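Chain and residue survey
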Amino acid sequence: MPELPEVETVAQGLQKRALGRRITSVEVRHAGVIVGSPEGFVSGVEGGRLVAVGRKGKALALELAGGNAQPSRYLLVRLGMTGQLTVVPRAAPLEPHTHVRLALDAGEEELRFRDVRRFGRLRCCTRPEWEAVWSALGPDAQQVTEAEFRRAMHGRRGAIKSWLMNQKVIAGLGNIYADESLFVARIHPLAQPGRVSGKKARSLFRAVRKVLERAVALQGTSFRDYLDIEGRPGNFLPRLRVYQRTGEPCRRCGHEIRRMVIAGRSSHFCPHCQPRPRRAAKMRGTRPA
Ligand SMILES: [Zn+2]
């Protein structure tokens, strides 16, 4: 599932390949991925020129300037589980699960939205609507300050893993980078945010920064479906230290990486490097939000 580094890679690709270009025509092939009516989506997006690419957490917003002094529209993109945005020649063979095609400029290239699982969403909205979506998210995980981060931990009693993945608290982390950050900070996924020491809280804040920075530099992690705007996979996979490494030796201490399910999601950790605290969150009653 694309998380901050993957979405940031897509945002950078859009900036390089699509910024300044006009969307000349829109074809919706599967209406299920559009929020609102497909007709409204097409008329809102068609004719707009891409003037800015914004990202907050895992959400993308493409600002489209309308002609004739029309106010800007915002094309919001959620990649969901398996969404891909690619810029390809219009004549390129159409892959299965391509749901939306947006022709660019004279139509020799187009932006395609492909999504096997169909959890991704495209939505055309006004500035106030876009702002409402943005303000419902917590601070971006790359922008959040240490003070904000530690304040948000205060008094929280659930599992720190779920806390890290709550987009209203900090936006951008999902299962992969939450597991990796906890490993780097040597914190057990069932630790309680409000009970970790100040020193540990600082390590976690720094770990999140470091892990995201490295993953962005390597264009994210590709398990199955994630691809960048040119259709290339990310390169962070070999760098993963705990995620999906159950049973393999910890790269730091050699103990076996374990897996446990917290709030319905797999957590991967090293029981030696990340010892379970005496007052861990209860397994029952931990919730993702
Ligand atoms: Zn270890």
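Below, the structure is looked at part by part. (Residues numbered from 1 in each chain as written. Predicted model: local features only at pLDDT ≥ 70, side-chain atom pairs only at ≥ 80, totals over all residues. Heavy atoms only, no water.)

Before going further, it helps to spend a moment on the packing of helix α6 (residues 175-185) against helix α7 (residues 198-217). Between two packed helices, the angle of one axis relative to the other and the distance separating the axes together describe the packing. The contact between α6 and α7 brings their axes to 8 Å, and the two run at 130°. Relative to α7, the element α6 lies oblique. Judged by the sense of rotation from one axis to the other, the crossing of α6 with α7 is right-handed. Contact residues: Y177, E180, S181, L182, V184 and A185 in α6; K200, S203, L204, A207, V208, K210, V211, L212 and A215 in α7. The residue makeup of the contact of α6 with α7, split by class, is 10 nonpolar, two polar and three charged. (Axes fitted to C-alpha atoms, helices over the stretch in contact; angles between N-to-C directions. Helix = DSSP H or I, 4+ residues; strand = E, 2+ residues; numbered from the N terminus. Parallel < 35°, antiparallel > 145°, perpendicular 65-115°, else oblique. Left-handed = near helix turned anticlockwise from the far one by under 90°. Contact = heavy atoms within 4.5 Å. Nonpolar A, V, L, I, M, F, W, Y, C, P; charged D, E, K, R; others polar.)

Attention now goes to the pattern of salt bridges. Here the structure, examined in full by the defined rule, presents 17 salt bridges. E27 serves as the salt-bridge partner of R101, at 3.2 Å between the closest nitrogen and oxygen. Of this pair, R101 sits in strand β6 (residues 98-104) while E27 sits in strand β1 (residues 23-28), placing them 74 residues apart in sequence. For R101, a relative accessible area of 14% translates into the label buried. For E110, the salt bridge goes to R112, with nearest N and O atoms at 2.5 Å. Its relative accessible area of 0% is what places E110 among the buried residues. Judged by relative accessible area, which is 5%, R112 ranks as buried. (Salt bridge = Lys/Arg side-chain N within 4 Å of Asp/Glu carboxyl O. Buried < 20%, exposed > 50% of the residue type's maximum accessible area, 1.4 Å probe, protein only.)

All right, on to the sheet that holds β1 then. Here four strands make up an open sheet; going across it, the order is β1-β6-β7-β5 and the pairing antiparallel. Each of the sheet's edge strands pairs with one partner strand only, and the pair in question is β1 and β5 (83-89). Averaged over all pairs of adjacent strands, the angle between strand axes in this sheet comes to 20°, irrespective of strand direction. Running at roughly 165° to β1, helix α2 (residues 38-45) makes contact with β1 and β6 of the sheet. (Pairing = 2+ DSSP bridges.)

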